[in-house]
Amino acid sequence: MTQFLLSVHHREGDAMPSTDEMQQMYASVDAFNQKLQATGAWVVAGGLTDVSQAKVVDASAGATAVTDGPFSEAREWLGGFWIIEAADLDAALALAREGSAACHGPVEVRALQGE
């Protein structure tokens, strides 16, 4: 089995869902998470706080610098993720389709190195 990162992306300018739509998305994502757990594909998953709350730590030059905000100024950002185990890329893509439908957003699929 290979581990894959399924990352949920948000785009600048996307309309905020209504409270009812958010509740429906939460229920859909919860059902998807339960399916992943029941089938043994689940490794870990989580949603992220708003990108405005990000901090960047850079100790690459020896001294440590901590700055506010995301690493890069972008019109898209990571909003959440799943790490799953799947037999192959096709199986991971099938699960990503379900995850995308559940969270109402695009999901990027990448295999973890060494897997």
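Just so it is clear, the structure is predicted and the values come from calculations on it, not from any experiment.

**Observations regarding the nonpolar core**
With 15 residues, the main nonpolar core has Leu6, Phe32, Leu36, Trp82, Ile84, Leu95 and Val107 as its most contacted residues. Those elements that provide at least two residues to this core are strand E1 (2-11), helix H1 (19-39), strand E5 (76-86) and helix H2 (89-103). No other element matches the five residues that H2 contributes to this core. With sequence-adjacent residues up to four places away left out, Ile84 is seen in contact with Thr2, Gln3, Phe4, Leu6, Leu36, Ala41, Val43, Ala92 and Leu95.

**Some remarks on the pairing of E1**
Looking down a regular strand, the side chains alternate between one sheet face and the other. With 10 bridges connecting them, E1 and E5 associate as antiparallel partners. Note that in E5 the partner of Leu6 across the bridge is Trp82. Of the pairings in the sheet, the one linking E1 to strand E6 (residues 107-111) comprises five bridges and is antiparallel in character. Directly across from Val8, in E6, lies its bridge partner Val107.

**Describing the packing of aromatic side chains**
The geometry of an aromatic ring pair is captured by the separation of the ring centres together with the interplanar angle, meaning the angle of the planes. Scanning the model with the defined rule gives one aromatic pair in all. Summarising the aromatic geometry, the rings of Phe32 and Trp82 are spaced 5.0 Å apart at their centres and angled 90° between planes, so their arrangement reads as edge-to-face. Of this pair, Phe32 sits in helix H1 while Trp82 sits in strand E5, and the two are 50 residues apart along the sequence.

**Observations regarding the sheet that holds E5**
Spatially, the four strands line up as an open sheet ordered E2-E5-E1-E6, and their pairing is antiparallel. A single partner strand is all that each edge strand has here, and the edge strands are strand E2 (42-47) and E6. Adjacent strand axes in the sheet meet at a mean angle of 20°, parallel and antiparallel pairs treated alike. Running at roughly 25° to E5, H1 makes contact with E2 and E5 of the sheet. Contacts from H2 reach E1, E5 and E6 within the one sheet, and its direction differs from that of E6 by about 155°.

The rules behind the values
Residues numbered from 1 in each chain as written. Predicted model: local features only at pLDDT ≥ 70, side-chain atom pairs only at ≥ 80, totals over all residues. Heavy atoms only, no water. Core = buried A, V, L, I, M, F, W, Y, C linked by side-chain atoms within 4.5 Å. Buried < 20%, exposed > 50% of the residue type's maximum accessible area, 1.4 Å probe, protein only. Helix = DSSP H or I, 4+ residues; strand = E, 2+ residues; numbered from the N terminus. Contact = heavy atoms within 4.5 Å. Pairing = 2+ DSSP bridges. Phe/Tyr/Trp six-rings, centres within 6.5 Å; stacked < 30°, edge-to-face > 60°. Axes fitted to C-alpha atoms, helices over the stretch in contact; angles between N-to-C directions.

Spatial relationships are all this shows, so hold off on functional conclusions.
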